[in-house]
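# Reading the structure
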Amino acid sequence: MSAQSWFAPAAARLRTANPYVVDAALAVLVLFAASLQWIFPDEGDDRLTLQGWLLGAATALPLVWRQRAPFTTACAVSVATPAQAMYHAPPPDVMYAGLVVLYTMAARGKPWQRHFMLVGWFLGVSFVMQHKESPQPFEYAFQLLSITCAYALGMLARIQRAYTAELEDRARRLERERAADTARATAQERARIARDMHDILAHAVSLMVVQAEAGPVVVRSDPARAEAAFDAIATAGRDAMGQLRRILGVLKEEQRNGTSPQPGVKALPALVRQVSGSVGLRIELITTGEPRTLPPDTDIASYRVVQEALTNTVKHAYASSATVELDWTEEALTLTVTDDGRGPAAPGGGHGLIGIRERAAACGGEARTGRGPDGGFRVVVRLPVADRQVAPG
């Protein structure tokens, strides 16, 4: 087992451990290190006294509160350490507790606390070394370098913790943004499907209602016309069911083999023939300009816009004729549906006209509705052409 694979889980467990247990264990470890001079006395001139050991213990015991009160702990250790050094019975070889609190203050302390403690320890060590008997130059370098290294390690830990927190915060933000994008896309897709279902049902039901109302009137006088009316009802119902199955298949995320795509501009002649043949409305389809390839959403929107406009004509206009115009230019396709009826009763139009405006806006276009120049009602929708390739004939 490698050292790195062992260290990472151990560090993770240490971060999540009880701070009382961790700090108590650290205090015991520092006390043991400070007691080594008594456990293994050398043959030098340093005296070993109980008071000296108690001062050494005073540098270690405050570490029990290291994480809960770091600055207070640092101050207590900063007082006990020079006291032990000045007592000389014996002086500490290594300032174990001092190194721990310097690391802690650099990693967790406020800026003024960190600076105060670093400067204080530099001055304190320099002062104590001046009062030591026969200090050696390497001892100055060792003590000052120890302080610098402990403080630097604490600052590295602070930077690493801040970097990790920033990464975690960024990950949380990205997750929230991803969830918001998903919810927004879901809402847009649901709105699109709702518009499609409204267009399909409104168109089919309108044709079926008109034919159902006409059928009983001519069932005795003109059986052939009544039979045609019932056939139109069945055809409209089957068409609506087919389109609804495709939409519900998308909702269920089913891959249906052999299903035709949703209708677009090329299906408009069939739509005009269906409406004209079903309700007896004279509809003229006029195309000007050179047809071009439309993006899929714009292609579907163009069909639905004309379908909804004709549905409104059948339901509300009481018209006898209508005109569907397709004007192709380099930049856009303009769809104009005009009838000679009376138009919608509401000033702003019903849900159908609102759906037309939403579809146009979703494709980057615009829609205008209102009275025609010769009376009746007119719907004008301009949809941008993104792909300028000529549509295949």
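Residues numbered from 1 in each chain as written. Predicted model: local features only at pLDDT ≥ 70, side-chain atom pairs only at ≥ 80, totals over all residues. Heavy atoms only, no water.

### Thoughts on the sheet that holds strand E3 (residues 332–339)
Quick reminder of the rule: Here a strand pair is declared whenever DSSP counts at least two bridges between the two strands. Strands are runs of DSSP state E lasting at least two residues, helices are runs of H or I lasting at least four, and both sets are numbered from the N terminus onward. For every element, the axis is a line fit to its C-alpha atoms; helices are fit only across the contacting stretch, and the angle between N-to-C directions ranges from 0 to 180 degrees.
Pairing within the open sheet is mixed, and its 5 strands lie in the order E1-E2-E3-E5-E4. The open sheet has two edge strands, strand E1 (282–288) and strand E4 (366–371), and neither has a second partner. Each strand axis lies, on average, 10 degrees off the axis of its neighbour in the sheet, ignoring direction. Two strands pair when backbone bridges link them, and E1 and strand E2 (residues 321–328) are joined in this way by 7 bridges, in the parallel orientation.

### Let's talk about the packing of aromatic side chains
To be explicit about the condition: Only Phe, Tyr and Trp rings are paired, with Trp represented by its six-membered ring, and only when their centres lie within 6.5 Å; those with planes under 30 degrees apart are stacked, over 60 edge-to-face, the remainder tilted.
A full pass over the atoms with the stated rule returns 2 aromatic pairs. For the pair phenylalanine 71 and phenylalanine 116, a centre-to-centre distance of 6.4 Å together with 55 degrees between the ring planes defines the contact as tilted. Taken together, the residues span a long stretch of sequence, with phenylalanine 71 in helix H5 (residues 70–87) and phenylalanine 116 in helix H7 (residues 111–130) at a distance of 45 residues.

### So, the confidence of the model for the protein chain
Low pLDDT means the predicted atomic positions in that stretch should not be read closely. Keep this limit in mind: Every residue gets a pLDDT, meaning the predictor's confidence in that residue, from 0 to 100. By definition in these notes, contact holds between two residues if any of their heavy atoms fall within 4.5 Å.
When pLDDT is averaged across the protein chain, the result is 78; 73% of the residues are at 70 or more. Between residues 254–259, whose pLDDT stays under 50, and residues either more than four places distant or in other chains, the model counts 4 contacts. This model gives residues 388–393 a pLDDT under 50, and the stretch forms 14 contacts once residues within four places in sequence are excluded.

### What about H5?
Our working definition: Multiplying 1.5 Å by the residue count of a helix minus one yields the expected span of that helix. Here's how the labels work: a residue is buried when its accessible area is under 20% of the maximum for its type, exposed when over 50%, partly exposed in between, all with a 1.4 Å probe on protein chains only. As used here, the arc is the angular range of directions from the helix axis to the C-beta atoms.
Here H5 is 18 residues long and its end C-alpha atoms lie 26 Å apart, about the 26 Å a rise of 1.5 Å per residue gives. Buried within H5 we find Thr73, Ala74, Val77, Ala80, Thr81, Gln84 and Ala85. The buried residues of H5 occupy an angular sector of 140 degrees when the element is viewed end-on, so they sit on one face. Within H5, the exposed residues directed more than 90 degrees away from the buried face are Thr72 and Val79. Buried residues belonging to H5 abut helix H3 (36–39), helix H4 (50–60), helix H6 (96–108) and H7.

### Points about the packing of H4 against H5
Let me state the cut-off plainly: The labels follow the angle: roughly parallel below 35 degrees, roughly antiparallel above 145, roughly perpendicular from 65 to 115, and oblique for the rest. Definitions for this section: a left-handed crossing has its near helix turned counterclockwise from the far helix by less than a right angle. A right-handed crossing has that turn clockwise. The nonpolar class holds Ala, Val, Leu, Ile, Met, Phe, Trp, Tyr, Cys and Pro. Asp, Glu, Lys and Arg form the charged class, and all remaining residues, Gly among them, are polar.
Relative to each other, H4 and H5 sit at 155 degrees, their axes nearing to 8 Å. Judged by the angle between their axes, H4 and H5 are roughly antiparallel. Like other packed secondary-structure pairs, H4 and H5 cross with a definite hand, here left-handed. Here Gln51, Gly52, Leu55, Gly56, Ala58 and Thr59 of H4 come into contact with H5, specifically with Val77, Ala80, Thr81, Ala83, Gln84 and Tyr87. Its residues assigned to classes, the contact of H4 with H5 shows 6 nonpolar, 6 polar and no charged.

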